[in-house]
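# Coordinate inspection notes
Here are the chains, one letter per residue:
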Amino acid sequence: MSSIDLRGQIRVLDGNRAGAYGVLLCKPDVIASYPITPQTPLLETLYKFEAEGLFDPEMVEPEGENSAMGTLIGACAAGGRTFTATSSQGLSFMNDAYLLAAGNRFPIVMAIGMREQVSPHGVISGQQDAVLVKDHGWIQIYTESCQEILDSIIMAYRLAEDEDVLLPVNVCYEGFYLSHHSQRVEIPRQEEVDAFLAPLKGMNRLKWTLEEPMVFSSYTVPPELYTEYRYKMCMAHQRAKAKFDEIDREFAAKFGRSYGGQIEEYRTEDAEIIIVTMGCSTGTAKVVVDRKRDEGVKVGLVKIRMFRPSPKERLIKVLNGKKAIGVIDRNVCYAWNCGHNYIEIKTVLSDLDRPLPVLLDFIAGLGGADITDKHVEKVVERTIDAAKGKTYEPVTWLSLE
Amino acid sequence: MKFMSKFEGPWSTPKEPLDIKTGEWRSQRPVTKREKCRQCGWCFIFCPAGCIEEKAHYFTADLDYCKGCGVCSNVCPAKAIMMIREEI
């Protein structure tokens, strides 16, 4: 037996390798990817799997990220299951093919080992690359742990290839913090994943063949038809939300691990204030929430897993009646001087019952900086103060204090 | 909600939902001399619009889609295809 075939075992793996096992278990037909830090070890692991004969996808070595995505668009049109991964400028270089994949409704799964964007140049962790493309039509799932990367890739295929969805899915994980940090990971057995993905086989999916040629990405489209495609894509995004909750429940029943679907609600039931996080800082924040709970503070946490489409309905439900919300953002929106999840939550506020909760934003962890328990404690304390009616800064650049 | 396409995405068969009659752009049209045609199929292979159809003893262009580029006439080894000006 191969020395790297760890399926069915519990091992210590970093995020890239955990992700690679997720891909292996889903048996893609075509993989085309261009190496870029911090995603590279994921790709190397996939090549190792192929060299050891663990799986047999078509491995394409393109000259860049744009061609990688272009290759997968063709493979997907022919009915194939596809995978690629990228980071930072690689994602930017891929941009027009990235748009084509979503617009053409091709269920490609792509991992993003998230890294800061230029300029300044930085091979450092962040979320800016992935949040930049939030309205490019892809579904985006953000993960907290190495285990969640592996599991989310399996769930991503179930979601992407569902006949009610047919959209490409990003599985995003912070570079270095997750990509290069090792954790305990349970690697599912092949039969379990085969059974979990089996419903996709009976699904309705068009295939482009020589016998029945078709056009995709058609142009010279009349405006009514153009609008129709946009509307249908919007509806597919809306359908994907409840579908993702369903997939998570089914995953929990089969594998014994649940992540809450679109969002994870952590000790929120009787909470008066809520901390909102996305990505790997959630782990640290949960520790602080536990600590504050021991001190008698009624604080809970909401982790955004599905950033795109927006988990609006779930957020409204969990945030209703709360006194204050503190958002931790590892990304920046220049236009509004805040982070992206602050804008998202602010949009949801208008649908909440009065009196509205107070909303605070904390920009932290940019440029590969740690988000420590001390940072999160500050976030909790200031959010409590704001809930008590004290004056507060709506947006704080936490790392600059 | 009124939809024009039965497809979820911007996909189309050669006719549905995008049946663009590119033949309307034509200023000249190919005419096949049936007795000269050797049915080698070069016009079929080279036609950039993919609009050459095979008949019982010859090949001919579907004028709904032929843009009149003249490639078929150029490649025909039997010189069986002539281009004729379209007149209004």
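Here the focus is the sheet that holds strand 7 (residues 169–174) of chain A. All names here are of chain A. Taken together, 7 strands build an open sheet; the order of strands is 3-2-4-5-7-6-13 and the sheet is mixed. Each edge of the open sheet is held by one strand with a lone partner, namely strand 3 (58–60) and strand 13 (306–308). The mean angle between the axes of side-by-side strands here comes to 20°, regardless of whether they run parallel or antiparallel. Alignment of strand 4 (residues 82–86) against strand 5 (residues 109–114), held across 4 bridges, turns out to be parallel. Residue pairing across strands places T86 opposite I112, the latter belonging to strand 5.

Turning to helix 7 (residues 146–160) of chain A, a few remarks are in order. The first and last C-alpha atoms of helix 7 of chain A sit 21 Å apart over 15 residues, in line with the 21 Å expected at 1.5 Å per residue. Within helix 7 of chain A, 15 of the 15 residues are buried, which leaves the element mostly enclosed by the surrounding structure.

Quick look at a nonpolar patch on the surface now. Residue and element names in this part refer to chain B. Taken together, the side chains of W42, F44, I45 and F46 present a nonpolar region at the surface, about 450 Å² in accessible area. With respect to the helices, strands and loops of the structure, I45 is situated in helix 1 (residues 42–46). On the basis of relative accessibility, which here comes to 61%, the residue I45 falls in the exposed class.

Turning our eyes to something else, we now look at the domain arrangement of chain A. All names here are of chain A. As assigned here, chain A comprises domain 1 (10–255) and domain 2 (263–400). A separation of 28 Å is found between the C-alpha centroids of domain 1 and domain 2. Taken residue by residue, the interface counts 29 residues in domain 1 and 31 residues in domain 2. Counting the surface lost from both domain 1 and domain 2, the interface buries some 2,400 Å², and carbon and sulfur atoms represent 48% of this. It is K134, E144 and Y177 that lose the most area in domain 1 upon contact with domain 2, and together they represent 27% of the buried surface on that side. Here domain 1 is connected to domain 2 by 10 salt bridges. R330 is the salt-bridge partner of E174, the closest N and O atoms lying 3.0 Å from each other. For the interface between domain 1 and domain 2, the tally reads 25 residue pairs in polar contact (both at pLDDT 80 or more). Residue assignment for the side of domain 1 that touches domain 2 shows that the elements contributing at least two residues are helix 6 (128–132), strand 6 (139–142), helix 7 and helix 9 (223–255).

Glancing now at the packing of aromatic side chains. Throughout the structure, instances matching the rule amount to 15 aromatic pairs over all chains. Note on F49 of chain A and F55 of chain A: the rings are 6.1 Å apart at their centroids and 80° apart in plane angle, and the pair reads as edge-to-face. Overall, the relative accessible area of 0% leaves F49 of chain A in the buried class. Given a relative accessible area of 8%, F55 of chain A falls into the buried group. In this structure an aromatic cluster arises from ring pairing among F106, W208 and F216 of chain A together with F7 and W11 of chain B. Positioned above the aromatic ring of Y266 of chain A is the side chain of K286 of chain A, whose terminal nitrogen or guanidinium carbon lies 5.5 Å from the ring centre. R308 of chain A extends its terminal NZ or CZ atom over the ring of F307 of chain A, reaching a point 4.7 Å from the ring centre.

The side chains of a regular strand alternate, residue by residue, between the two faces of the sheet. All names here are of chain A. Within strand 4, 5 of the 5 residues are buried, which leaves the element mostly enclosed by the surrounding structure. Burial along strand 4 is two-sided: T82, T84 and T86 facing one way and F83 and A85 facing the other are all buried. Inspection of the sheet shows strand 2 (residues 30–32) paired to strand 4 by 2 bridges, in the parallel sense. Across the sheet, I31 pairs through a bridge with F83, a residue of strand 4.

Attention shifts here to the packing of helix 3 (residues 65–77) of chain A against helix 5 (residues 95–103) of chain A. Residue and element names in this part refer to chain A. One way to put it is that helix 3 packs onto helix 5 with a least axis distance of 8 Å and a crossing angle of 20°. Judged by the inter-axis angle, helix 3 sits roughly parallel to helix 5. For the pair helix 3 and helix 5, the crossing hand works out as left-handed. Between helix 3 and helix 5, the contacting residues are N66, M69, G70 and I73 on the first element and D96, A97, Y98, L100 and A101 on the second.

The subject of this paragraph is empty space enclosed by the protein. With a probe scaled to a water molecule rolled over the atoms, the places where space remains empty come into view. Evaluated as defined, the whole model comprises 2 cavities of 30 Å³ or more. Lining the largest cavity are 14 residues, with C37, R38, C40, C43 and C76 of chain B sitting closest to its centre. Residue composition of the lining of the largest cavity, by class: 10 nonpolar, 3 polar and 1 charged. One number sums up the size of the second largest cavity: a volume of about 40 Å³. Together, Q127, M278, S281, I328, D329, R330, N331, N341 and I371 of chain A line the second largest cavity.

The rules behind these values
Residues numbered from 1 in each chain as written. Chains lettered and ligands numbered in written order. Predicted model: local features only at pLDDT ≥ 70, side-chain atom pairs only at ≥ 80, totals over all residues. Heavy atoms only, no water. Pairing = 2+ DSSP bridges. Helix = DSSP H or I, 4+ residues; strand = E, 2+ residues; numbered from the N terminus. Axes fitted to C-alpha atoms, helices over the stretch in contact; angles between N-to-C directions. Expected span 1.5 Å × (residues − 1). Buried < 20%, exposed > 50% of the residue type's maximum accessible area, 1.4 Å probe, protein only. Patch = residues over 30% accessible without salt bridge, like charges linked within 9 Å, V, L, I, M, F, W, Y side chains within 5 Å. Areas by Shrake-Rupley, 256 points an atom, 1.4 Å probe, with all protein chains shown as cover. Salt bridge = Lys/Arg side-chain N within 4 Å of Asp/Glu carboxyl O. Domains from an automatic or database assignment. Contact = heavy atoms within 4.5 Å. Buried area = accessible area lost by both parts, 1.4 Å probe. Polar contact = N/O pair within 3.5 Å; in protein donor to acceptor, adjacent residues only side chain to side chain. Phe/Tyr/Trp six-rings, centres within 6.5 Å; stacked < 30°, edge-to-face > 60°. Lys NZ or Arg CZ within 6 Å of the ring centre and 35° of its normal. Parallel < 35°, antiparallel > 145°, perpendicular 65-115°, else oblique. Left-handed = near helix turned anticlockwise from the far one by under 90°. 1 Å grid on protein atoms, 1.4 Å probe; cavity = no way out; pocket = protein on both sides within 12 Å on 5 of 7 lines; lining within 4 Å. Points joined across faces, edges and corners; volume = space filled by probe spheres on them. Nonpolar A, V, L, I, M, F, W, Y, C, P; charged D, E, K, R; others polar.

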